[in-house]
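Overview (structure and organization)
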Amino acid sequence: MKQLHKQSSINHRRDEEILIPQTPPYSPKSLKHPRSLPRSINYLFKEQRLLFIFIGILIGSTFFILQPTLSRLGPTETHPSIPKSFSNNVVSHTQEFSVSNQNPIHGKMGRVPVGIGRRRMRIVVTGGAGFVGSHLVDKLIGRGDEVIVIDNFFTGRKENVVHLFGNPRFELIRHDVVEPILLEVDQIYHLACPASPVHYKYNPVKTIKTNVMGTLNMLGLAKRVGARFLLTSTSEVYGDPLQHPQKETYWGNVNPIGERSCYDEGKRTAETLTMDYHRGDGVEVRIARIFNTYGPRMCLDDGRVVSNFVAQAIRKQPMTVYGDGKQTRSFQYVSDLVCLPVYYHNFFWLMDSLL
Ligand SMILES: O=c1ccn([C@@H]2O[C@H](COP(=O)(O)OP(=O)(O)O[C@H]3OC[C@@H](O)[C@H](O)[C@H]3O)[C@@H](O)[C@H]2O)c(=O)[nH]1
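Owing to the predicted nature of the structure, the values given are computational and were not obtained by experimental measurement. Residue positions are counted from 1 within each chain, in the order its sequence is given. Totals for whole chains, interfaces and linings use all residues, but because this is a predicted model, local features are given only for residues with pLDDT of at least 70 and pairs of side-chain atoms are given and counted only at 80 or more. With hydrogens and water excluded, all non-hydrogen atoms of the structure serve as input to the side-chain values.

1. Topic: the overall build of the chain
Our working definition: Here a helix means four or more residues in a row that DSSP labels H or I, a strand means two or more in a row labelled E, and each is numbered from the N terminus. Per-residue accessibility, obtained with a 1.4 Å probe over protein chains only, is compared with the maximum for each type, and a residue is labelled buried under 20%, exposed over 50%, and partly exposed between these values. Here a residue-residue contact requires only that any non-hydrogen atoms of the pair lie within 4.5 Å. Per-residue and other accessible areas were derived by the Shrake-Rupley procedure at a 1.4 Å probe size, with only the shown protein chains allowed to occlude residues.
Each helix and strand counted, the chain has eleven helices and nine strands in total. Looking at the chain as a whole, 40% of its 355 residues qualify as buried. For the chain, contacts bridging at least 24 residues in sequence account for 75% of all contacts bridging at least 6. Accessible area for the chain stands at about 21200 Å²; split by element, carbon and sulfur atoms hold 60% of it.

2. Let's talk about the site of the ligand
Quick note on the threshold: We call a residue near a molecule or strand when any one of its heavy atoms sits within 4 Å of it. Counted as a polar contact is a pair of N or O atoms within 3.5 Å, where, for protein atoms, one must be capable of donating a hydrogen and the other of accepting one, and residues adjacent in sequence contribute only when both atoms are in side chains. Under this grouping Gly is polar, as are all residues other than the nonpolar Ala, Val, Leu, Ile, Met, Phe, Trp, Tyr, Cys and Pro and the charged Asp, Glu, Lys and Arg.
In the vicinity of the ligand lie 19 residues, with A195, T234, R260, V305 and R329 positioned nearest. Contact distances for the ligand include 2.5 Å between an oxygen atom and a backbone N or O atom of A195. Separating an oxygen atom of the ligand from a backbone N or O atom of Y322 is a distance of 2.9 Å. For the ligand, the accessible surface in isolation is 660 Å², of which the surrounding protein chains cover 91%. It is helix α9 (residues 305–314) that contributes the most residues to the shell around the ligand, three residues altogether. Here the residues of the shell around the ligand sort into eight nonpolar, seven polar and four charged.

3. Structural notes on empty space enclosed by the protein
Where we set the bar: Think of a 1 Å grid over the protein atoms and nothing else: a 1.4 Å probe that fits but is trapped marks a cavity, an open set flanked by protein within 12 Å on at least five of seven lines marks a pocket, and residues with an atom within 4 Å of a point count as lining. Grid points are joined across faces, edges and corners, and a volume is the space filled by probe spheres set on the points.
This structure, assessed with the given rule, holds one cavity of 30 Å³ or more. Looking at the largest cavity, its volume works out to about 30 Å³. Around the largest cavity, the lining residues are N292, T293, M298, R304, V305, V306 and F331. A per-class count over the lining of the largest cavity returns four nonpolar, two polar and one charged.

4. Quick word on the packing of aromatic side chains
In this description, a pair of aromatic rings is defined by centroid distance and the angle of the planes. Heads up, the rule is: Centres within 6.5 Å make a pair out of two Phe, Tyr or Trp rings, where for Trp the six-membered ring is used; the pair is then stacked when the planes are under 30 degrees apart, edge-to-face when over 60, and tilted otherwise. By the criterion adopted, a ring carries a charge over it if an Arg CZ or a Lys NZ lies within 6 Å of its centre and within 35 degrees of its normal.
Scanning the entire structure with this criterion turns up six aromatic pairs. With 6.2 Å between their ring centres and 45° between their planes, Y189 and F347 make a pair best called tilted. With Y189 in strand β5 (residues 187–190) and F347 in helix α11 (residues 347–352), this residue pair connects regions lying 158 residues apart in the sequence. When the ring centre of F153 is taken as reference, the NZ or CZ atom of K158 above it lies at 5.7 Å.

5. Thoughts on the pairing of strand β2 (residues 122–126)
Counted only if it meets this: By this definition, two strands are paired if DSSP reports at least two bridges between them. When the strands point away from the viewer and the path from the first strand over the helix to the second turns clockwise, the crossover is right-handed.
Of all five residues making up β2, four are buried, and the element is well covered by its neighbours. Direction of pairing for β2 relative to strand β3 (residues 146–151): parallel, over a ladder of five bridges. Looking at β3, one finds that V124 is bridged to I148. Chirality of the crossover, the property in question, places the unit of β2, helix α5 (residues 131–142) and β3 among those that are right-handed. Across four bridges, the pairing between β2 and β5 is parallel. By the bridge assignment, V124 is partnered in β5 with I188.

6. Comments concerning helix α7 (residues 204–225)
Where we set the bar: Given a helix with a known number of residues, its expected span is that number minus one, times 1.5 Å.
Here α7 contains 22 residues, and its C-alpha end-to-end distance of 31 Å stays within 8% of the 32 Å for a straight helix at 1.5 Å per residue. Every buried residue belonging to α7 is among T207, T210, N211, G214, T215, N217, M218, L219, L221, A222 and V225, and all of these are buried. The first or second residue beyond α7 is G226, which carries a positive phi of 70°.

7. As for the state of the cysteines
Operational definition: Disulfides are defined as pairs of cysteine sulfur atoms found within 2.5 Å of each other.
Inspection of every chain in the model, using the stated rule, returns zero disulfides. With no disulfide partner, C193 has as its closest neighbouring cysteine sulfur the one in C262, 8.1 Å distant. A residue is classified by how much of its surface remains accessible, and C262, at 7% relative accessible area, is buried.

8. Thoughts on the nonpolar core
Put simply, the test is: For this analysis, a nonpolar core means a set of buried residues of the types Ala, Val, Leu, Ile, Met, Phe, Trp, Tyr and Cys, connected via side-chain atoms within 4.5 Å.
Counting 31 residues, the largest nonpolar core has V125, L136, V137, L140, Y189, F347 and F348 as its most contacted members. Put simply, the parts of the chain that give this core at least two residues each are β2, α5, β3, β7 (285–290), α10 (334–339) and α11. Of the residues forming this core, the biggest block, six residues, is contributed by α5. Sequence-distant contacts of L136, defined by excluding residues within four places in its chain, comprise V125, Y189, L191, V338, F347 and F348.

Geometric descriptors of this kind do not, in isolation, establish any biological role.
The following block contains the structure:
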C-alpha cells in the first residue's frame, strides 16, 4: 500500500509539471516531419552512400561464408599423395608393413567432402617425444593437424619437441600408457615403448607391460572414440628368422624365454591385440613393422648399431662388430619412415589411405 501511495503521489506531481509546459511536447520524428522519407532516400543516394553499404554487405557475407572452411584448414596444407590401390602382402627390404582395415568405404578420410580440402584432425602420438615419434609429430604439425603427445620420458626427451612449445596445435602430456587415458581424437599413432636393446632390457617386465597394457589402453581408447589406430611394431617379431627377406606371411622364429623376448613377444602380443580389436570390435587398425631406423635425435647411448658406430667414429675409437659380422639389416632414414613422398611404405600413407 505504501508503494502504491508513493507512486500515485509521483504521478500527481508529474501531472502538475505537464500542466505548465516549458518546452514543446515530444512527438516521434516520423510524425513531426511527414516529408522526411524522401529526405532519407536523398541522403542515401548522396555521396555514393548506397554503393558503400552494398560493398560492406558483400565483404561481410564473403567472410561469413568462408570462415568455417578457413578455420578447419591448417597453415601449411600439404597433402601426402595417397595411392588408391594396395596389396595386402607388401614386401620390402627396407620397410615392411602389415595392414588391416575392416570398412574402408567408411574410413574417416572418405567422409571429407570433395572441394573442401583436407580436414584438420586431432591426433594422439604415444611416445611422441622419442626419436621416431618426434619426427612424426613434426610432420603432422607441418601438414596442419592438431597433435597431442603422450610420453613418460623414459627414453623420450622434451628437447625433441621443445621447438613446438607455444604452437597452439601442439600439446604435451606426461603420461605412462600403462595407465588408461581418455581423449577425443581422430587417429592414434601408438609408438610408446623403449626400442633399443639397452633400454628394453633395462626393465623387461616394464617393457612387456608397456606393450601389452599400453596397447590395450590405446586400443580401448580407439574403440571408445572411433579413432583409427596405428601400431608401430618391429622386425623383431620375426625373431631369429629362417627366411630372408621376411615376407608378411612369415610367422617368425622367436625365442619366448630369451633376453629379448620382453620386446619381441611384447610386440607380437601387441599385434595380436590389434587384430583382435579389429576383428572383434571393428576398430580400424594398421600395423607397421619397423626395421632399423636412423637419423637426427637418435640417442648416442642408444646401443643400436648406427648410433654406436657414429659415436665410436666421433670419439675416434674402433667400431665394434658383434659376432662374425655376417649379419644383415635393412636401414631406413627416419623422415622417410614417416612420409617419404610418392612411396607407400610410410606412416602417413598407411594411416591415411583407405586401403
Ligand atoms: O655396436 C654394435 C651394435 C650392434 N651390432 C650388430 O648390428 C646389428 C643390428 O643391431 P641393432 O641393435 O642396431 O638392431 P636390431 O636389429 O637388433 O634391432 C633394431 O631393429 C629393429 C627395431 O625394431 C628394434 O627396436 C631395434 O633394436 C646386430 O646384428 C648387432 O649384433 C654391432 O655389430 N655392433
